[in-house]
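Chain by chain, the residues:
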Amino acid sequence: MKKLTDFNLTDALRSEIESAVKNRRIPHAIIILAGDFQSRIDLATYLSAASLCIDEHSFPCGECRVCKKIFSGIHPDVQYYEREKDKKEFSVKIVRESIKPDAFVKPNEADGRVFIIKDAETMNPSAQNAFLKILEEPPKGVRFILCCDNSASMLETIRSRATVYSLLKDNESDEDDEKSLKLAVELANALTSTNEYEFMSKTGVFEKDKELLKKVISKMQVLCRDALAVKNSSIILSGEKDCAYKLASSLSVKNLINLIGKLNELSDSINKNANLNLLITRFSSVLRQATRG
Ligand SMILES: [Zn+2]
């Protein structure tokens, strides 16, 4: 059985999860983000055991009949869903014909049930909307855990109803995470500055570090989404309140949506191995443009 310390999490998030588990207050809707495919599912399984374990002192104990079944993948009250084998997308059919009817069935053995979606990033908008309806009036005692490789693919309406647990990549440390977040905040602030060279002057660090650029882009997306959340008065996820408020006050909803789109395109180009120097130039020009008009 994996322990919480086996997962690559920031210290802050690890203690948040620890306390949720200890107080038996694991959220009813969770999005497990980033990291790799298997770690996301392992963490979802861990959280299922943590919520259904029948030991009195420590959970998940790994020893009780509930834990044993969950960690062997055979507990009838912990269900996994994924897109059909020959399909690219997770279809609305699975939500309507499997998840929804299953969710209203009473638990077989445990005190509650956990539904895990292994590849939520492949849910198309109609699948997400159908799922949202279940989340809006969740059946009692059911937890939903969505494993997802990036938050950009989830609808804002789902994100705002779920607690996000974000894993780090294997080779990423807490320190790397802080460094990229700090830089993303500086760049986001520079985007709203009237001095157009301020942004460009901060991009030099990427010349030898493509991985850093990648991380900063994904952190900037979170900041922009947080700024949108401020405008919709929903929840901020990054913990960078000042930056989110600043972006929200200086950019329009249209600007922010534009920015998120451009950041997506840039991240696609990095994954397709585009020339790094050109990318850095585009990073500056395209993003500043997106904040205009
Ligand atoms: Zn147990």
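Residues numbered from 1 in each chain as written. Predicted model: local features only at pLDDT ≥ 70, side-chain atom pairs only at ≥ 80, totals over all residues. Heavy atoms only, no water.

Caption draft 1: Structural detail: the pattern of salt bridges. Here the structure, examined in full by the defined rule, presents 13 salt bridges. As a salt-bridge pair, K118 and E82 come within 3.4 Å of each other at their nearest N and O atoms. Linking K118 in the loop between β3 (113-117) and α5 (125-136) with E82 in the loop between β2 (78-81) and α4 (92-103), this pair joins segments that are 36 residues apart in sequence. Taking the relative accessible area as the measure of exposure, E82 reaches 34% and is therefore partly exposed. Counted as one network, the salt bridges with shared partners bring together K182, E186 and K202. (Salt bridge = Lys/Arg side-chain N within 4 Å of Asp/Glu carboxyl O. Helix = DSSP H or I, 4+ residues; strand = E, 2+ residues; numbered from the N terminus. Buried < 20%, exposed > 50% of the residue type's maximum accessible area, 1.4 Å probe, protein only.)

Caption draft 2: Representation of the environment of R25 within the structure. Within the element layout of this structure, R25 appears in the loop between α1 (11-22) and β1 (29-34). What makes R25 exposed here is its relative accessible area of 67%. In this structure, the C-alpha to C-alpha distance between R25 and L52, residues 27 residues apart in sequence, is 12 Å.

Caption draft 3: A look at the layout of surface pockets. Counted as a void, the largest pocket has a volume near 1,300 Å³. In this structure, the largest pocket is lined by 40 residues; those nearest its centre are L33, A34, S166, S218 and K219. At the level of secondary structure, the elements contributing two or more residues to the lining of the largest pocket comprise α1, β1, β5 (163-167), α7 (174-191), α9 (210-231) and α11 (253-271). When residues in the lining of the largest pocket are grouped by element, the largest group, eight residues, is from α9. Taken together, the residues that form the lining of the largest pocket break down as twelve nonpolar, 13 polar and 15 charged. Structurally, the lining of the largest pocket is a two-domain feature, drawing no fewer than three residues from each of domain 1 (4-167) and domain 2 (174-290). Estimates place the volume of the second largest pocket at around 170 Å³. If you go around the second largest pocket, you meet ten residues; those closest to its centre are E156, R225, L228, I257 and I260. Elements that contribute at least two residues to the lining of the second largest pocket include exactly α9 and α11. Per-element accounting of the lining of the second largest pocket gives the leading share, three residues, to α11. Inspection of the lining of the second largest pocket shows a minimum of three residues originating in each of domain 1 (4-167) and domain 2 (174-290). (1 Å grid on protein atoms, 1.4 Å probe; cavity = no way out; pocket = protein on both sides within 12 Å on 5 of 7 lines; lining within 4 Å. Points joined across faces, edges and corners; volume = space filled by probe spheres on them. Nonpolar A, V, L, I, M, F, W, Y, C, P; charged D, E, K, R; others polar. Domains from an automatic or database assignment.)

Caption draft 4: Just the domain arrangement of the chain, in detail. One can read the domain layout of the chain as domain 1 (4-167) and domain 2 (174-290). Taking the mean C-alpha position of each, domain 1 and domain 2 sit 29 Å from one another.

Caption draft 5: Region of interest: the packing of aromatic side chains. A complete count under the given rule lists six aromatic pairs for this structure. Residues F115 and F144 carry aromatic rings whose centres are separated by 5.6 Å and whose planes lie at 80° to one another, so their mutual orientation is edge-to-face. With a gap of 29 residues between them, F115 in strand β3 and F144 in strand β4 (residues 142-148) connect regions that are remote in the sequence. Take F115 and F144: they sit in the same class, and that class is buried. Seen from their ring centres, F199 and F283 are 5.3 Å apart, and the 45° between their planes marks the pair as tilted. You can see F199 sitting in helix α8 (residues 196-201) and its partner F283 sitting in helix α12 (residues 276-290), a full 84 residues away along the chain. The same class applies to F199 and to F283, which are both buried. Taken together through their ring pairs, the aromatic side chains of Y81, F115, F131 and F144 make up a single cluster. Note that R24 overlies the ring of F59, its terminal NZ or CZ placed 3.5 Å from the centroid. (Phe/Tyr/Trp six-rings, centres within 6.5 Å; stacked < 30°, edge-to-face > 60°. Lys NZ or Arg CZ within 6 Å of the ring centre and 35° of its normal.)

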